[in-house]
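# Observations on the three-dimensional arrangement
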Amino acid sequence: EPEVTQTPSHQVTQMGQEVILRCVPISNHLYFYWYRQILGQKVEFLVSFYNNEISEKSEIFDDQFSVERPDGSNFTLKIRSTKLEDSAMYFCASSGGRLRGYEQYFGPGTRLTVT
Amino acid sequence: DAKTTQPPSMDCAEGRAANLPCNHSTISGNEYVYWYRQIHSQGPQYIIHGLKNNETNEMASLIITEDRKSSTLILPHATLRDTAVYYCIVSVLNSGYSTLTFGKGTMLLVSP
């Protein structure tokens, strides 16, 4: 069964450093998403991406965040200058849309620890 | 904020049906009801969704009341592996995609 994969599984970085979280969505999906979950808190929507542009973003997704689909398979989330409060699990998800289904399939997550 | 209300926790005996309720009294006509679950900090897992008709798949059944103000997720024969946080989410489809707003969900504990 196809699945969303994410790398790395755990990333430790120092405050102020840039990080790039990588995701490989399900191959025939068209819509891509990033969510995050701070330890012990709710899963929060960050951004959705379709046709090489952002469809929607939350208040959390400020200028420090960016997303990119650099090639036909990867979908990345970049945090330019990490802060302590960016420590969280980051989940990538993808969905197929009208033709292939609206349900979102999530990856296993990347645990980001900012020290 | 999430537009749904769920009990914080429920217990179920292994092999019995688990019935998880959800209130969404302010749901709009074009909003779907989605159910996801999260097993111990893994990525959320899609279970089922519906608009107004009852739905069934290999994982679960979704019963939506006629006025659409509440729904129930039914796991017909719960197993220990069904222990998870279950999220009921209402979301509109925007040109083919949906944004999921997660609440706190219901922690379902399935016991032997």
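Above: the structure in question.
Rules behind the numbers
Residues numbered from 1 in each chain as written. Chains lettered and ligands numbered in written order. Predicted model: local features only at pLDDT ≥ 70, side-chain atom pairs only at ≥ 80, totals over all residues. Heavy atoms only, no water. Pairing = 2+ DSSP bridges. Helix = DSSP H or I, 4+ residues; strand = E, 2+ residues; numbered from the N terminus. Axes fitted to C-alpha atoms, helices over the stretch in contact; angles between N-to-C directions. Buried < 20%, exposed > 50% of the residue type's maximum accessible area, 1.4 Å probe, protein only. Salt bridge = Lys/Arg side-chain N within 4 Å of Asp/Glu carboxyl O. Disulfide = S-S within 2.5 Å. Contact = heavy atoms within 4.5 Å. Buried area = accessible area lost by both parts, 1.4 Å probe. Nonpolar A, V, L, I, M, F, W, Y, C, P; charged D, E, K, R; others polar.

## Topic: the sheet that holds strand E8 (residues 75-79) of chain A
Residue and element names in this part refer to chain A. If you trace the four strands from one edge of the open sheet to the other, you get E1-E3-E8-E7, paired in antiparallel fashion. With one partner strand each, in any of the chains shown, strand E1 (5-7) and strand E7 (65-68) form the two edges of the open sheet. Each adjacent strand pair in this sheet contributes to an overall mean axis angle of 20°, direction not counted. Alignment of E7 against E8, held across four bridges, turns out to be antiparallel. The residue bridging Phe65 from the neighbouring strand is Ile79, located in E8.

## A closer look at the pairing of strand E8 (residues 84-94) of chain B
Residues and elements named next belong to chain B. Within E8, nine of the eleven residues are buried, which leaves it mostly tucked inside the rest of the structure. With eight bridges connecting them, strand E3 (residues 31-38) and E8 associate as antiparallel partners. Within the sheet, the bridge partner assigned to Val33 lies in E8 and is Val90. Sheet topology places E8 next to strand E10 (residues 106-111); three bridges connect them, and they run antiparallel. When the sheet's bridge partners are listed, Ala84 is paired in E10 with Leu108. Pairing geometry for E8 and strand E9 (residues 97-98), over two bridges, is antiparallel. In the strand pairing of E9, Leu93 is matched with Ser98. Remark: two residues form the turn of the hairpin made by E8 and E9, two consecutive strands paired antiparallel; Ser95 in that turn has positive phi of roughly 50°.

## A few points about the pattern of salt bridges
Residues and elements named next belong to chain B. All told, the structure shown has three salt bridges over all chains when counted by the stated rule. Glu31 serves as the salt-bridge partner of Lys3, at 2.9 Å between the closest nitrogen and oxygen. In this pair, Lys3 is assigned in the segment before strand E1 (9-13) and Glu31 in strand E3, connecting sequence segments 28 residues apart. Judged by its relative accessible area of 9%, Glu31 is buried. Arg37 is the salt-bridge partner of Asp82, the closest N and O atoms lying 2.8 Å from each other. Of this pair, Asp82 sits in the loop between strand E7 (70-75) and E8 while Arg37 sits in strand E3, and the two are 45 residues apart along the sequence. Judged by relative accessible area, Asp82 falls into the buried class, the value being 12%.

## Considering the state of the cysteines
The full count for this structure, using the stated rule, is two disulfides over all chains. Here Cys23 of chain A is linked by a disulfide to Cys92 of chain A, with a sulfur-sulfur distance of 1.9 Å. Disulfide Cys23 of chain A-Cys92 of chain A: torsion about the S-S bond near -65°, hence left-handed. Taken together, the residues Cys23 of chain A in strand E3 (residues 19-24) and Cys92 of chain A in strand E9 (residues 88-95) connect sequence positions 69 residues apart. The class for Cys23 of chain A is buried, based on a relative accessible area of 1%. Counting only cysteine sulfurs, Cys22 of chain B is the nearest neighbor of Cys12 of chain B, a cysteine outside any disulfide, at a range of 18 Å. On the basis of relative accessibility, which here comes to 9%, the residue Cys12 of chain B falls in the buried class.

## A few points about the interface of chain A and chain B
Chain A puts 20 residues into the contact, and the matching count from chain B is 21 residues. With both sides pooled, the region where chain A packs onto chain B buries about 1800 Å², and carbon together with sulfur makes up 56% of that total. At the boundary of chain A with chain B, the tally comes to zero salt bridges. Looking at the side of chain A that touches chain B, the elements with two or more residues in it are strand E4 (31-37), strand E5 (43-50), strand E6 (53-57) and E9 of chain A. When residues in the side of chain A that touches chain B are grouped by element, the largest group, four residues, is from E4 of chain A. For the side of chain A that touches chain B, a count of residues per class yields ten nonpolar, six polar and four charged.

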